[in-house]
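Here is what each chain is made of, one letter per residue.
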Amino acid sequence: MDLLPSHNSPVLVDYISANISRFGLSSPTAFSSSLLLSSPNLGNLDDVIVTGLHDYVTASSSPTVKLNNDSAFEFDETENTYRKWMLKYPSAISSFEKITNHANNKRIALFLDYDGTLSPIVNDPDCAFMSNAMRSTVKHVAEYFPTAIISGRSRDKVYNFVGLTELYYAGSHGMDIMGPVNKSKFVNDHPNCIRSTDKQGKEVNMFQPASKFLPMINEIFISLNENTKGINGAKVENNKFCVSVHYRLVDRKNWPIVSQIVLDILKEYPDLKLTHGRKVLEIRPIIDWNKGKAVQFLLESLELSNADDVLPIYIGDDRTDEDAFKLLREGNRGYGILVSSIPKESNAFYSLRDPSEVMYFLKSLVKWKSST
Ligand SMILES: O=P(O)(O)OC[C@H]1O[C@H](O[C@H]2O[C@H](CO)[C@@H](O)[C@H](O)[C@H]2O)[C@H](O)[C@@H](O)[C@@H]1O
């Protein structure tokens, strides 16, 4: 099957960087041996991207790369390799004292991803419910620390899952933020920031940097729905400023068909790009905005930016959370915590295995704070 989109398309640039690092490889040339033979210009990332996509759909036959339940690009887990990996990304639970020592005399600001972090990954995205125990833990944690949820879902959808009014919410991978009103020039002067009211009638700042893409996103959602209708298990989700194409329940042999449909449609939309999450292809505007920028925006909104006495902690499980981990690591500002039960390269500092460990960590924060 020919998977080649037009050269130099912006569509897949994120795709390759995501997948190179998911393989834990350091250079695009190591990504695929077939690439070495087929691409005369190794500097052309798009060639690598396309070859990567092809490798992705055929990876199941590779003896070196094993598929697992969540991503076709992660190595098979063994306890041993996981333990070695934890030397680089220590458990946030066993490092708890170190974290809290660093947090002493600082205000912690908490940023939480939703799927795979607060709720376990399930087959049906509409059924990714959060447990009551997790809800009550997040509620408690928000009593002690300013807490925001930053999700790839639409803001309304993630709010419906979480249902806590005491949190701040950013949907569509940070492209739809509802934050508090304040005097910050950074926030108020930002284009696309408007005053609004939340469901409780409280005045809020709404920040939607991709608002002009709304009609385009709706259009592509309709086309993707239409074109994937015949593929058993495929599901298209409208996340307001981005669209997710789920293939978790699609027979593996049909994965190339799903990716081909997405690539074909994207060719008509040069202003949209493709990213890859856990058994999901995500289409979103090509604007320079991501979860890292959303963290920065929320810190400004909460008047917690540029403060030496603030320690932001971001907990997330997916590729899109890396932008937030990177922001915190680069400025040496705070801690990223990756939720993963398999080894993967990350910009995070610490790790937690799964949502149950996330809950334990959050409870420990509450216990620590309430006793100090
Ligand atoms: O940023 P997040 O809150 O982690 O959202 C990322 C995507 O999460 C959802 O998909 C993932 O979780 C589903 C439910 O467990 C699972 O079925 C799917 O395979 C995962 O990719 C959500 O449905 C997407 O829209 C989000 O973009």
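Keep in mind it's a predicted model, so treat the numbers as computed, not measured.

Focus: the sheet that holds strand S1 (residues 107-112)
As a general point, the strands of a sheet are linked pairwise by backbone hydrogen bonds and lie either parallel or antiparallel.
Stage number 1. Strand order in the open sheet formed by nine strands is S5-S6-S4-S3-S2-S1-S11-S12-S13, and the pairing between neighbours is mixed. What marks the edges here is a single partner per strand, and that holds for strand S5 (193-197) and strand S13 (350-352). Each neighbouring strand pair of the sheet contributes to a mean axis angle of 25 degrees, computed without reference to strand direction.
Stage number 2. Across three bridges, the pairing between strand S2 (residues 147-150) and strand S3 (residues 168-171) is parallel. Directly across from Ile-149, in S3, lies its bridge partner Tyr-169.
Stage number 3. Against the sheet, helix H11 (residues 291-301) contacts S1, S2, S3, strand S4 (176-180), S5, strand S6 (203-207) and strand S11 (310-316), and its axis sits at roughly 155 degrees relative to S2.

Observations concerning the site of the ligand
Stage number 1. Within the structure, the ligand sits among 22 residues, and Val-122, Glu-237, Arg-248, Arg-278 and Glu-282 are positioned closest to it.
Stage number 2. Within the side chain of Ser-151, an N or O atom sits 2.8 Å from an oxygen atom of the ligand.
Stage number 3. Between an oxygen atom of the ligand and a side-chain N or O atom of His-246, the distance comes to 3.2 Å.
Stage number 4. About the coverage of the ligand: the protein hides 99% of its 570 Å² of free accessible area.
Stage number 5. Those elements that place two or more of their residues in the shell around the ligand are strand S8 (243-246) and strand S10 (280-285).

Let's talk about the packing of helix H9 (residues 214-228) against helix H10 (residues 255-266)
Stage number 1. It is at 10 Å that the axes of H9 and H10 come closest, and there the two elements cross at 145 degrees. Helix-helix and strand crossings are classified by hand; for H9 and H10 the assignment is right-handed. Residue-level inspection shows Ile-220, Ser-223, Leu-224, Asn-227 and Thr-228 of H9 in contact with H10, the latter providing Ile-261, Val-262, Ile-265 and Leu-266.
Stage number 2. Partitioning the contact of H9 with H10 into residue classes produces six nonpolar, three polar and no charged.

Quick word on the domain arrangement of the protein
Stage number 1. Each domain of the protein was delimited in the assignment, giving domain 1 (85-177 + 290-371) and domain 2 (212-285).
Stage number 2. Taken over C-alpha atoms, the centre of domain 1 sits 27 Å from the centre of domain 2.
Stage number 3. Linking Arg-153 and Glu-237 is a salt bridge whose minimum nitrogen-to-oxygen distance equals 3.0 Å.
Stage number 4. One can count nine residue pairs in polar contact (both at pLDDT 80 or more) joining domain 1 with domain 2.
Stage number 5. Split into classes, the residues belonging to the side of domain 1 that touches domain 2 amount to four nonpolar, seven polar and eight charged.

Remarks on the side chain of Lys-291
Stage number 1. Summarising the element assignment, Lys-291 is placed in helix H11.
Stage number 2. In terms of polar contacts, Lys-291 uses its side chain to reach the side chain of Thr-320, at 3.5 Å.
Stage number 3. Sequence-distant contacts of Lys-291, that is, excluding residues within four places in its chain, are made with Asp-113, Ile-150, Ser-151, Gly-152, His-173, Tyr-314, Thr-320, Asp-321, Asp-323 and Ala-324.

Comments concerning the pattern of salt bridges
Stage number 1. Taken as a whole, this structure holds 20 salt bridges when the rule is applied.
Stage number 2. The partner of Lys-139 in a salt bridge is Glu-166, and the shortest N-O contact between them spans 2.9 Å. Of this pair, Lys-139 sits in helix H6 (residues 132-144) while Glu-166 sits in the loop between helix H7 (155-162) and S3, and the two are 27 residues apart along the sequence.
Stage number 3. In this structure Lys-139 comes out as partly exposed when scored by relative accessible area, which is 36%.
Stage number 4. Its relative accessible area of 33% is what places Glu-166 among the partly exposed residues.
Stage number 5. Here Asp-156 and Lys-199 are joined by a salt bridge, their closest N and O atoms 4.0 Å apart. Linking Asp-156 in helix H7 with Lys-199 in the loop between S5 and S6, this pair joins segments that are 43 residues apart in sequence.
Stage number 6. Among the residues examined, Asp-156 registers a relative accessible area of 44% and is labelled partly exposed.
Stage number 7. Owing to a relative accessible area of 60%, Lys-199 belongs among the exposed residues under this scheme.
Stage number 8. Taken together, the shared-partner salt bridges connect Asp-115, Arg-153, Lys-157 and Glu-237 into one network.

Points about H11
Stage number 1. Burial runs high along H11: ten of the eleven residues are buried.
Stage number 2. Along H11, the positions that sit buried rather than exposed are Lys-291, Gly-292, Ala-294, Val-295, Gln-296, Phe-297, Leu-298, Leu-299, Glu-300 and Ser-301.
Stage number 3. Where H11 begins, the side chain of Asn-290 points an oxygen toward the backbone nitrogen of Gly-292, at a separation of 2.9 Å.
Stage number 4. Positive phi appears at Glu-303, one or two residues downstream of H11, with a value of about 55 degrees.

Points about the sheet that holds strand S9 (residues 272-277)
Stage number 1. Spatial strand order, S7-S8-S10-S9: four strands in an open sheet with antiparallel pairing. Each edge of the sheet is formed by a strand with only one pairing partner; in this case those strands are strand S7 (235-238) and S9. Averaged over neighbouring strand pairs, the angle between their axes works out to 20 degrees when direction is ignored.
Stage number 2. Where S8 and S10 come together, four bridges link them in antiparallel fashion. For Ser-244, the partnering residue across the bridge sits in S10 and is Glu-282.

A short note on the nonpolar core
Stage number 1. Among the nonpolar cores identified, the biggest contains 55 residues, and Phe-111, Ile-220, Leu-224 and Ile-283 are the most heavily contacted of them.
Stage number 2. For this core, the leading source of residues is H10, giving seven residues.
Stage number 3. Leave out the neighbours within four places in its chain, and Ile-283 touches Ile-217, Ile-220, Leu-224, Cys-242, Val-243, Val-245, Val-262, Leu-266, Leu-272, Lys-273 and Leu-274.
Stage number 4. Listed in part, the 39 residues of the second largest apolar core include Leu-118, Leu-311, Val-366 and Trp-368.

So, how was this worked out
Residues numbered from 1 in each chain as written. Predicted model: local features only at pLDDT ≥ 70, side-chain atom pairs only at ≥ 80, totals over all residues. Heavy atoms only, no water. Pairing = 2+ DSSP bridges. Helix = DSSP H or I, 4+ residues; strand = E, 2+ residues; numbered from the N terminus. Axes fitted to C-alpha atoms, helices over the stretch in contact; angles between N-to-C directions. Contact = heavy atoms within 4.5 Å. Near = heavy atom within 4 Å. Polar contact = N/O pair within 3.5 Å; in protein donor to acceptor, adjacent residues only side chain to side chain. Areas by Shrake-Rupley, 256 points an atom, 1.4 Å probe, with all protein chains shown as cover. Left-handed = near helix turned anticlockwise from the far one by under 90°. Nonpolar A, V, L, I, M, F, W, Y, C, P; charged D, E, K, R; others polar. Domains from an automatic or database assignment. Salt bridge = Lys/Arg side-chain N within 4 Å of Asp/Glu carboxyl O. Buried < 20%, exposed > 50% of the residue type's maximum accessible area, 1.4 Å probe, protein only. Core = buried A, V, L, I, M, F, W, Y, C linked by side-chain atoms within 4.5 Å.

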